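# Summary of structural features
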Amino acid sequence: MAKKEKKVKEPKKVKEKKIKEPQYYSSATNMQTLNYKVYYMNFAEKVLYFLIGFAVGAAVGYLFYGGLAKDEYGDPTTMTYVLNVVISGAAGIAAGCAFLPIRTGMILNKRTKNLKTQFRDMLEAFNTSLGAGKNVTDSFHSVYDDLKVQYEEDAYILKELEVILSCMNNNVDLEIPLADFGTRSGVDDIVSFANVFKICYRKGGNIKDTIRSTHIILSDKMEIAEEIETTVTGARSEQYLMLIMPILLIGMIKSMSADFAANFATPSGIIATTVGIAMFIAAYLVGRAVLNIKV
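Each chain has its residues counted from 1, running along the sequence as written. In keeping with the predicted nature of the model, local features appear solely for residues at pLDDT of at least 70, side-chain atom pairs appear and are counted solely at 80 or more, and the whole-chain, interface and lining totals rest on all residues. Excluding hydrogens and water, the side-chain figures rest on all heavy atoms present in the structure.

### Quick look at the confidence of the model for the chain
Looking at the chain as a whole, its pLDDT mean stands at 85, while 93% of the residues score no less than 70. Values of pLDDT, which run from 0 to 100, indicate the predictor's confidence residue by residue. Working definition: helices are DSSP H or I runs of at least four residues, strands are E runs of at least two. Numbering for both runs from the N terminus. Here helix α8 (residues 258–262) stands out as the least confident element of the chain, with mean pLDDT 75; helix α4 (residues 156–169) is the most confident, with 94.

### Topic: the packing of aromatic side chains
Stacked, tilted and edge-to-face are the three classes assigned to paired rings of Phe, Tyr and Trp, where Trp is represented by its six-membered ring and a pair needs centres within 6.5 Å; plane angles under 30 degrees give stacked, over 60 edge-to-face, the rest tilted. Inspection of the entire model under this criterion finds nine aromatic pairs. Ring geometry for Tyr36 against Tyr156: centres 5.5 Å apart, planes inclined by 90 degrees, an arrangement best described as edge-to-face. Of this pair, Tyr36 sits in the loop between β2 (32–34) and α1 (43–65) while Tyr156 sits in helix α4, placing them 120 residues apart in sequence. Within the aromatic cluster, the residues linked to one another by ring pairs are Tyr36, Phe119, Phe126, Phe140, Tyr156, Phe181, Phe193 and Phe197.

### Describing the packing of α1 against helix α7 (residues 207–256)
Remark: α1 packs on α7, axes separated minimally by 10 Å, with the N-to-C direction vectors making an angle of 50 degrees. Comparing their axes, α7 and α1 come out oblique. The handedness of the crossing between α1 and α7 is left-handed. Where α1 abuts α7, its residues Val60, Leu63, Phe64 and Tyr65 lie against Pro246, Ile247, Ile250, Gly251 and Lys254. The convention used is that axes are lines fitted to C-alpha atoms, helices contributing only their stretch in contact, and that angles between N-to-C directions extend from 0 to 180 degrees. Roughly parallel covers angles under 35 degrees, roughly antiparallel covers those over 145, roughly perpendicular covers 65 to 115, and oblique covers all other angles. Handedness of a crossing follows from how the near helix is turned relative to the far one, being left-handed for an anticlockwise turn of less than a right angle and right-handed for a clockwise one. Residue contacts are counted whenever heavy atoms from the two residues lie within 4.5 Å of one another.

### Things to note about the environment of Leu291
Mapped onto the elements of the fold, Leu291 is located in helix α9 (residues 267–291). Throughout, exposure labels follow a simple rule: accessible area from a 1.4 Å probe, protein chains only, divided by the maximum for the residue type, with under 20% read as buried, over 50% as exposed, and the rest as partly exposed. The exposure class of Leu291 is buried, given its relative accessible area of 15%. Sequence separation between Leu291 and Thr274 is 17 residues, and the spatial gap between their C-alpha atoms is 26 Å. Each residue touching Leu291, except ones within four places of it in the same chain, is listed here: Val232, Ala235, Arg236 and Gln239.

### Focus: the side chain of Thr80
With respect to the helices, strands and loops of the structure, Thr80 is situated in helix α2 (residues 78–131). With sequence-adjacent residues up to four places away left out, Thr80 is seen in contact with Gly67, Leu68, Ala69 and Lys70.

### Comments concerning a nonpolar patch on the surface
Candidate patch residues must exceed 30% relative accessible area and have no salt bridge, after which like charges are joined if within 9 Å and Val, Leu, Ile, Met, Phe, Trp or Tyr side chains if within 5 Å. Every accessible area reported is derived by Shrake-Rupley at a probe size of 1.4 Å, with residue values counting cover from the shown protein chains alone. Salt bridges are identified by distance alone: a Lys or Arg side-chain nitrogen within 4 Å of an Asp or Glu carboxyl oxygen. Side chains of Leu241, Met242, Leu243, Ile244, Met245, Leu248, Leu249, Met252, Met256 and Phe280 sit close together on the surface and give an oily, nonpolar patch of about 940 Å² of accessible area. Of all the elements, α7 adds the most residues to the nonpolar patch, at nine residues. With respect to the element layout, Leu248 can be found in helix α7.

### Considering the packing of α2 against α7
Contact geometry of α2 with α7 gives a least axis separation of 9 Å together with a crossing angle of 150 degrees. Pair α2 / α7 crosses with left-handed handedness. On α7, the residues that touch Lys116, Thr117, Phe119, Arg120, Leu123, Glu124, Phe126, Asn127 and Leu130 of α2 are Ile207, Lys208, Ile211, Arg212, Thr214, His215, Leu218, Ser219 and Met222. Of the residues belonging to the contact of α2 with α7, the class tally is eight nonpolar, five polar and five charged. Only Asp, Glu, Lys and Arg are considered charged, only Ala, Val, Leu, Ile, Met, Phe, Trp, Tyr, Cys and Pro nonpolar, and every remaining residue, Gly among them, polar.

Right, dumping it as structure tokens:
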């Protein structure tokens, strides 16, 4: 009789843990550099923004679903108070958890916008220095001195220039900190500038024309972005208004007429309220995606 073949057990697949991208790196001269693509809130920020989201979510949850399980005379029962606490708490927790990534995205967008503006100013000062006859090394020193007057000490571009100057003083190739800056920034214009600068600087290209062209292109893009932002500001304000209007209307109706407010506590009223909330959230997300125009 043929021997039965033993089944070989396959090794269990180990789930790979997703490693978080660090918020800070070290430069070639061991200076701390910021990773502009990520932002991790500290404990105090998490608590603060969670409480803000919780307060808004709990208030909205109570406004739309408060007062359920009343008796036949319309008086609140023990279950009414329990449901008020549970529903408001659940809505508050959901809103608080949802607000944290939203707030993080807002901070990252503001950081990227400031970084682009400061980088444009750096290119303008760099272009002026090169046009005055200075070499690349002296131009970076001159740019740092000029921007130090224009910005505060903790400005992103000043920190990056300090890293560049430190590398230059320690005989590190200039294109290394520039390439690192582009990678950490996550901004395509900065990445492209670092790549073009590397080619021109090492192979004898025209640095002046490169800086001038990059500055013109970046300035034009930022002007177009500002014009688009101005155009859609009104539509974005209307979007926020339409999102708040249902909350204000329900609050006015419930405060003005107790009998009409009781209709929201019926099964049909709960279903209609839930469907209405889902529609407004969906409309907000679609409108937000439409108005998020990138240049």
